[in-house]
Amino acid sequence: MKRKLYIFGALILVTLVGVGIAAAAFGDKGKVLGSSFSVGSADIKLLKDVSQGLGGDNLADEVQGPLFSNVAPNWQRDYLVKIYNNATTPVALTSYANYETANDPDDLRSIIFVEPFVWTDLDSDGTVDEGETGASLGKKTLIKWKTEGYSLGNVNGGSVYSLILRFSTGVVSDTKQGKTAIFDFEFNSLGL
């Protein structure tokens, strides 16, 4: 009986090994090698000279801001900005004032307003001509520009977005005479 049990066990073992060999003989693999992924980026540049094109020497991450002097009651000046989406994908643009109270000890930020207008420079000459000023994005003090900012919309890859930043004042008290302040403002992009 033991002998029959050994023979039966041996037959089962031989069968299992044979099935395993047959399965191994018919197995196969496929591989995908060297998969590469490239993530897009949100990359905006400012035109140093808004009357010039997109040449590499005219694009910058930072440009010098305007110097406004003799600010008085009911004063108004425009500053022109062109922003280039240097990415291949669309971006959502926002803008915020960025300043430190130490650079504005006399609180000029509460009396100076900014009002961005969409600008379509039809002839690409860098000047605002009749019919090129678009919709206003709202008027805010520099304080509100810092805390609330502006949503400027979406800009396609390789496109330029142009703005007129209209700075102005209303009432300016005598206590502000001769005072100065320094403000930065920035444009931010978020890839879509």
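Residues numbered from 1 in each chain as written. Predicted model: local features only at pLDDT ≥ 70, side-chain atom pairs only at ≥ 80, totals over all residues. Heavy atoms only, no water.

**Concerning the environment of Val160**
Then comes step 1: Within the secondary structure, Val160 sits in strand E9 (residues 160–169).
Then comes step 2: The class for Val160 is partly exposed, based on a relative accessible area of 38%.
Then comes step 3: Excluding residues that lie within four positions of it along the chain, Val160 makes contacts with Leu54, Lys82, Ile83 and Tyr84. (Helix = DSSP H or I, 4+ residues; strand = E, 2+ residues; numbered from the N terminus. Buried < 20%, exposed > 50% of the residue type's maximum accessible area, 1.4 Å probe, protein only. Contact = heavy atoms within 4.5 Å.)

**Side note on the sheet that holds strand E10 (residues 184–191)**
Then comes step 1: In space, the three strands of this open sheet follow the order E8-E4-E10, with antiparallel pairing throughout. The two strands at the open ends of the sheet, each matched to only one other strand, are strand E8 (150–155) and E10. With strand direction ignored, the average angle separating the axes of adjacent strands in the sheet is 25°.
Then comes step 2: Two elements, strand E4 (residues 91–98) and E8, share five bridges in a ladder whose sense is antiparallel. (Pairing = 2+ DSSP bridges. Axes fitted to C-alpha atoms, helices over the stretch in contact; angles between N-to-C directions.)

**Quick look at the packing of aromatic side chains**
Then comes step 1: If you walk through the whole model with that rule in mind, you get nine aromatic pairs.
Then comes step 2: Judged by centre distance (6.1 Å) and plane angle (45°), the rings of Phe167 and Phe185 are tilted. Linking Phe167 in strand E9 with Phe185 in strand E10, this pair joins segments that are 18 residues apart in sequence.
Then comes step 3: Classification of Phe167 by relative accessible area gives buried; the value is 6%.
Then comes step 4: Relative to Phe187, the ring of Phe185 has its centre 6.3 Å away and its plane inclined at 90°; by these criteria the two rings are edge-to-face.
Then comes step 5: For Phe187, a relative accessible area of 12% corresponds to the buried category.
Then comes step 6: The rings of Phe68, Trp75, Tyr79, Trp145, Tyr150, Phe167, Phe185 and Phe187 are connected pair by pair, giving a single aromatic cluster.
Then comes step 7: Over the ring of Phe113 we find Lys139; its NZ or CZ atom is 5.3 Å from the centre of that ring. (Phe/Tyr/Trp six-rings, centres within 6.5 Å; stacked < 30°, edge-to-face > 60°. Lys NZ or Arg CZ within 6 Å of the ring centre and 35° of its normal.)

**Focus: the nonpolar core**
Then comes step 1: Formed by 25 residues in total, the largest nonpolar core has its most connected members in Ile83, Trp145, Leu165, Phe167 and Phe187.
Then comes step 2: The dominant element in this core, judged by the number of residues it contributes, is E9, at four residues.
Then comes step 3: Beyond its immediate stretch of four places on either side in the chain, Phe187 contacts Ile44, Leu46, Val81, Ile83, Thr94, Ser95, Leu152, Leu163 and Leu165. (Core = buried A, V, L, I, M, F, W, Y, C linked by side-chain atoms within 4.5 Å.)

**Let's talk about unusual backbone geometry**
Then comes step 1: Not every positive phi belongs to a glycine, and Asn70 is a case in point at roughly 55°.
Then comes step 2: Overall, Asn70 belongs to the exposed group, its relative accessible area being 71%.
Then comes step 3: Backbone geometry at Asn74 places phi at a positive 60°, although glycine is not the residue there.
Then comes step 4: Note on placement: Asn74 falls in the loop between strand E2 (59–60) and strand E3 (76–85).
Then comes step 5: Judged by relative accessible area, Asn74 falls into the exposed class, the value being 65%.

**Concerning a negative patch on the surface**
Then comes step 1: Together, Glu62, Glu100, Asp184 and Glu186 give the surface a local cluster of negative charge.
Then comes step 2: A residue is classified by how much of its surface remains accessible, and Asp184, at 48% relative accessible area, is partly exposed. (Patch = residues over 30% accessible without salt bridge, like charges linked within 9 Å, V, L, I, M, F, W, Y side chains within 5 Å. Areas by Shrake-Rupley, 256 points an atom, 1.4 Å probe, with all protein chains shown as cover. Salt bridge = Lys/Arg side-chain N within 4 Å of Asp/Glu carboxyl O. Lys, Arg positive; Asp, Glu negative; His and termini not counted. Charge placed at Lys NZ, Arg CZ, Asp CG, Glu CD.)

Purely geometric numbers; function is a separate question.
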